[in-house]
Amino acid sequence: MQAPLEKAAGAFRTIGELSLEIGLPRHILRYWETRFPQLRPLQRAGKRRYYRPEDVALVRRIDALLNRDGYTIRGVQALLSAERPQRSTAVDISAVKAVRDLLAEALRHDGSA
């Protein structure tokens, strides 16, 4: 069998590639998708999963919390749920402000023509 090629850090990974990289069985990764709503890899035709770099980072974090730090599934769920609104709210507000500024500039430019 041929050794797997190294992928770039930003490349998407299949469930098999991630399983080998992390050292966890595929069924565990699929199970975690049912328990952690934050973990949502892209799914293409035939339900083939593609994990983005942020998904890989989340899998590594879940693995560390469960298997190294001794958290339970519920403990990790609570931890991730508590963190999520703070991060998403900050990003959403800054994105909305950026769009608002672009629209205001477009209106100013349109009014001067």
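Residues numbered from 1 in each chain as written. Predicted model: local features only at pLDDT ≥ 70, side-chain atom pairs only at ≥ 80, totals over all residues. Heavy atoms only, no water.

All told, the structure shown has 9 salt bridges when counted by the stated rule. We note a salt bridge from Arg-60 to Glu-21, for which the minimum N-O separation is 2.5 Å. Note that Arg-60 is positioned in helix α3 (residues 53–67) and Glu-21 in helix α1 (residues 15–22), a separation of 39 residues in sequence. With a shortest N-O distance of 3.1 Å, Arg-52 and Asp-55 are connected by a salt bridge. Of the residues examined, Arg-52 reaches a relative accessible area of 21% and is grouped as partly exposed. When salt bridges with common partners are traced through the structure, they connect Arg-13, Glu-21 and Arg-60 into a single cluster. (Salt bridge = Lys/Arg side-chain N within 4 Å of Asp/Glu carboxyl O. Helix = DSSP H or I, 4+ residues; strand = E, 2+ residues; numbered from the N terminus. Buried < 20%, exposed > 50% of the residue type's maximum accessible area, 1.4 Å probe, protein only.)

Relative to the assigned elements, Arg-52 resides in the loop between β3 (49–51) and α3. C-alpha of Arg-52 to C-alpha of Gly-10: the two residues are 42 residues apart in sequence and 7.5 Å apart in space. Residues in contact with Arg-52, not counting those within four places in the same chain, are Phe-12, Arg-40, Pro-41 and Leu-42. Within the structure, Arg-52 has its side chain in polar contact with the backbone oxygen of Arg-40 (distance 2.4 Å). (Contact = heavy atoms within 4.5 Å. Polar contact = N/O pair within 3.5 Å; in protein donor to acceptor, adjacent residues only side chain to side chain.)

Moving on: the nonpolar core. Of all hydrophobic cores here, the largest spans 17 residues; its most connected members are Leu-29, Trp-32 and Ile-62. Listed by contribution, the elements that provide at least two residues to this core are α1, α2 (26–35), α3 and α4 (73–111). For this core, the element with the highest residue contribution is α3, accounting for 6 residues. If we skip the residues at most four places from it in the chain, Ile-62 touches Trp-32, Phe-36, Val-76 and Leu-80. (Core = buried A, V, L, I, M, F, W, Y, C linked by side-chain atoms within 4.5 Å.)

Before going further, it helps to spend a moment on the environment of Leu-39. Among the structural elements, Leu-39 can be located in the loop between α2 and β2 (42–43). Look at Leu-39 and you get buried, because its relative accessible area is 0%. A C-alpha to C-alpha distance of 6.2 Å links Leu-39 and Asp-55, two positions 16 residues apart in sequence. Setting aside chain neighbours within four positions, we find Leu-39 in contact with Leu-29, Trp-32, Glu-33, Tyr-51, Asp-55, Leu-58 and Val-59.

What is shown is where atoms sit, not what they do.
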